[in-house]
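One letter stands for each residue in the lines below.
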Amino acid sequence: MLWWDRDGLAIYYKRLERGEFQFPRTGKPVIEISCEQLLRLLSGMSVSQRKCA
């Protein structure tokens, strides 16, 4: 992940021990996700997963 912090770019890297990242497939070169979706993605869960009520 590249993050612009107004002073330059920061690179974040994470490797899952098992499985793979469940990133949404849109066919677009760039998509925007929310903070909650990013946290789910980095935890190894699906970005489109819904919360239980």
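Given the structure is predicted, the values throughout are model-derived calculations rather than measurements.

S.K.: Explanation requested: the overall build of the protein in the structure shown.
M.R.: Scanning the protein from terminus to terminus reveals one helix and two strands. The N-to-C order of helical and strand elements in the protein reads β-β-α. Compactness check: the protein gives a C-alpha radius of gyration of 13 Å against a globular reference of 10 Å for 53 residues, more than 25% above the reference. By its C-alpha atoms, the protein is 40 × 25 × 25 Å across when sized along the principal axes. Within the protein, buried positions represent 11% of all 53 residues.

S.K.: Explain the confidence of the model for the protein to me, please; I cannot follow it from the model alone.
M.R.: Predicted confidence across the protein gives a mean pLDDT of 78, with 91% of residues reaching 70 or more. Helix 1 (residues 35-42) is the least confidently modelled element of the protein, averaging 81 in pLDDT, while strand 2 (residues 9-11) averages 90, the highest of any element.

S.K.: Looking at this model, I keep getting lost on the environment of Ile33. Mind explaining?
M.R.: Structurally, the position occupied by Ile33 is in the loop between strand 2 and helix 1. The exposure class of Ile33 is partly exposed, given its relative accessible area of 25%. Along the sequence, Ile33 and Arg18 sit 15 residues apart, while their C-alpha atoms lie 23 Å from each other.

S.K.: Which parts of the structure should I look at to understand a nonpolar patch on the surface?
M.R.: Together, Leu2, Trp4, Leu9 and Ile11 make up a nonpolar patch on the protein surface, roughly 520 Å² of accessible area in all. Residue assignment for the nonpolar patch shows that the elements contributing at least two residues are strand 1 (2-4) and strand 2. Structurally, the position occupied by Ile11 is in strand 2.

The rules behind each value
Residues numbered from 1 in each chain as written. Predicted model: local features only at pLDDT ≥ 70, side-chain atom pairs only at ≥ 80, totals over all residues. Heavy atoms only, no water. Helix = DSSP H or I, 4+ residues; strand = E, 2+ residues; numbered from the N terminus. Rg over C-alpha atoms; globule rule 2.2 N^0.38 Å. Buried < 20%, exposed > 50% of the residue type's maximum accessible area, 1.4 Å probe, protein only. pLDDT = per-residue confidence, 0-100. Patch = residues over 30% accessible without salt bridge, like charges linked within 9 Å, V, L, I, M, F, W, Y side chains within 5 Å. Areas by Shrake-Rupley, 256 points an atom, 1.4 Å probe, with all protein chains shown as cover. Salt bridge = Lys/Arg side-chain N within 4 Å of Asp/Glu carboxyl O.

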